[in-house]
Amino acid sequence: MNVLVIGGAGYIGSHVARYFADRGLKIDVLDNLSTGTKDNLFPDYSFFEEDILDYKAVAAIMRRGYDAVVHLAAAKAAGESMLKPEKYAVQNLTGTINILNAACEAGIKKFVFSSSAAIYGEPKYLPIDEAHPKEPANFYGFTKLEIERMLEWYDRLKGLKFAALRYFNAAGYDPEGRVRGLEKNPANLVPVIMEVAAGLRPHLDVFGTDYPTPDGSGVRDYIHVTDLADAHYRALLQLDAHAESFAVNLGSERGLSVLEILEAARRITGRPIPAHITGRRPGDPATLVASSAAARKLLGWQAKFSDMETIIATSWRAYAQHHSHSIH
Ligand code: UD1
């Protein structure tokens, strides 16, 4: 199968690209390197540096002949999306419309899309399954939900078969240590903790310890990127075998608190990792935990690398390697 991985130089995309190539899929990567990096590319596939906002360029690449597209190119900082909705409207919505139209024009019928738990908003019940009400609490989540709706119409009108993969909190790095690019200016918990451990930031801000959770800090469902990559692979095989669209949650089904992760990171890295307790970050729910029963049933998927130790140890390996000069 020939697959175009859009956003394949990014954090999740690079793990997906590596995983696919390891399993013998013929892949190419398209990325504009705005958040992705060349360090995340490998010599066994081709790379096209293009922007998804450039319709002609995307359409020309699609005409090279692919069986499927995996689309992971998006802006993803939920907080920023509330301050700069226009950026998210253009990059996520316009960018995806370009990709969809170019894919349809080129006759591509299989499409795997990076969706998010952010489409659900404030949880009405836990764990969150796919039937949970979809009321995004931030503009980022809104863009993901709108794209899912668009995919349903393109299925009905154009015969495009899609898999919408609703990630919970992606974390960790390739267990074999091959993905080396780090995210620039991360806002997510694990990379921020890693930057503190590596000496690049003075401390972690813990956004609230007054939540109705066991230790008062926010609880999330952290899922290792290699488990996400495996789900993309299985989703593609499923679309190939059954040509029927679907949407599934991808989570470990277990909640970890900010303070638990901080403590584990101190232990695993051996670094002090100073932390300040600050106020809540607006829009952050207390607890988000997935039900991944649907992915298990449909794809035979199960998280294998998403225990806290593996998530932190694989992340630290990537950060320690990259910043060995600043770690004493
Ligand atoms: C958010 C989105 C998620 C999206 C992800 C990508 C929501 C509800 N979730 O996840 O869909 O895919 O961003 O960026 O919109 N924290 C701190 N200090 C920090 C950073 C985070 O205490 O410096 C805490 C947060 O309050 C939260 C947890 O750590 O409790 C995880 O936060 P983060 O990594 O930013 O992810 P989410 O906000 O859960």
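Cut-off values and rules
The numbers attached to residues start from 1 for each chain and follow its sequence in the written order. Side-chain atom pairs in this predicted model are given and counted only at pLDDT of 80 or more, local residue features only at pLDDT of at least 70, and totals for whole chains, interfaces and linings cover all residues. Calculated side-chain values reflect all of the structure's heavy atoms, with hydrogen atoms and water omitted. UniProt positions are given in the numbering used here, feature names are shortened, and annotations may be inferred rather than shown by experiment. Starting at the N terminus, helices and strands are each numbered in turn, a helix being any DSSP run of H or I of at least four residues and a strand any DSSP run of E of at least two. For a compact globule the rule gives 2.2 Å times the number of residues to the power 0.38, and the radius of gyration it is set against comes from C-alpha atoms. For each residue, the accessible area found with a 1.4 Å probe, counting protein chains only, is set against the maximum for its type, and the residue is called buried under 20%, exposed over 50%, and partly exposed in between. The contact rule is simple, with two residues in contact once any of their heavy atoms fall within 4.5 Å. Accessible areas in this description were obtained via Shrake-Rupley with a 1.4 Å probe; residue shielding takes into account the shown protein chains only. Positive charges come from Lys and Arg alone, negative charges from Asp and Glu alone, with His and the N- and C-terminal ends not counted. For this purpose, a charge sits on NZ of Lys, CZ of Arg, CG of Asp or CD of Glu. Nearness is defined per residue: one heavy atom within 4 Å of the molecule or strand is enough. Throughout this description, a polar contact denotes any pair of N or O atoms lying within 3.5 Å of each other; where both atoms belong to protein, one of them has to be capable of donating a hydrogen while the other can accept it, and for residues adjacent in sequence the pair is counted only when both atoms sit in side chains. Amino acids are sorted into nonpolar (Ala, Val, Leu, Ile, Met, Phe, Trp, Tyr, Cys and Pro), charged (Asp, Glu, Lys and Arg) and polar (every other residue, Gly among them). As annotated, the domain borders come from an automatic or database domain assignment.

Under an unreviewed UniProt entry, the name given to the protein chain is UDP-glucose 4-epimerase, and the source organism is uncultured spirochete. In its Catalytic activity (unreviewed entry) section, the UniProt entry covering the protein chain states "UDP-alpha-D-glucose = UDP-alpha-D-galactose". Quoted verbatim from the Cofactor (unreviewed entry) field of UniProt, the annotation for the protein chain is "NAD(+)".

S.K.: Hey, could you run me through the overall build of the protein chain in this one?
M.R.: In terms of regular secondary structure, the protein chain is built from 10 helices and 13 strands. The globule rule puts the C-alpha radius of gyration for 328 residues at 20 Å, and the 19 Å found for the protein chain is close to it. Dimensions of the protein chain, computed from C-alpha atoms along their principal axes, come out at roughly 55 × 45 × 40 Å. When each of the 328 residues of the protein chain is scored for burial, the buried share is 54%. Across the protein chain, every contact between residues at least 6 apart in sequence was considered, and the portion connecting residues at least 24 apart equals 77%. On the protein chain, roughly 13800 Å² of surface is accessible, and the fraction owed to carbon and sulfur atoms is 53%. Across the protein chain, the centroid of the 36 positively charged side chains sits 2 Å from that of the 39 negatively charged ones.

S.K.: Teacher, can you tell me more about the site of the ligand here?
M.R.: Close to the ligand lie 21 residues; S116, N138, D205, R220 and D284 are nearest. Here a nitrogen atom of the ligand and a backbone polar atom of D205 are 2.7 Å apart. Interatomic distance of 2.8 Å between a side-chain N/O atom of R281 and an oxygen atom of the ligand. No other element matches the 4 residues that strand β8 (residues 204-207) contributes to the shell around the ligand. By residue class, the composition of the shell around the ligand is 11 nonpolar, 5 polar and 5 charged. Counting residues domain by domain, the shell around the ligand receives three or more from each of domain 1 (2-171 + 223-250) and domain 2 (189-220 + 253-322).

S.K.: Looking at this structure, how should I read helix α6 (residues 189-197)?
M.R.: What sets the pattern is the α-helix's 3.6 residues per turn: residues three or four places apart point alike. Most of α6 is tucked away: 9 of the 9 residues are buried. Burial in α6 covers these residues: L189, V190, P191, V192, I193, M194, E195, V196 and A197. Those residues of α6 hidden inside the fold are in contact with β7 (169-171), β8, β10 (222-224), α8 (258-269) and α10 (308-322). Following α6 by one or two positions, G199 adopts a phi angle in the positive range, close to 85 degrees.

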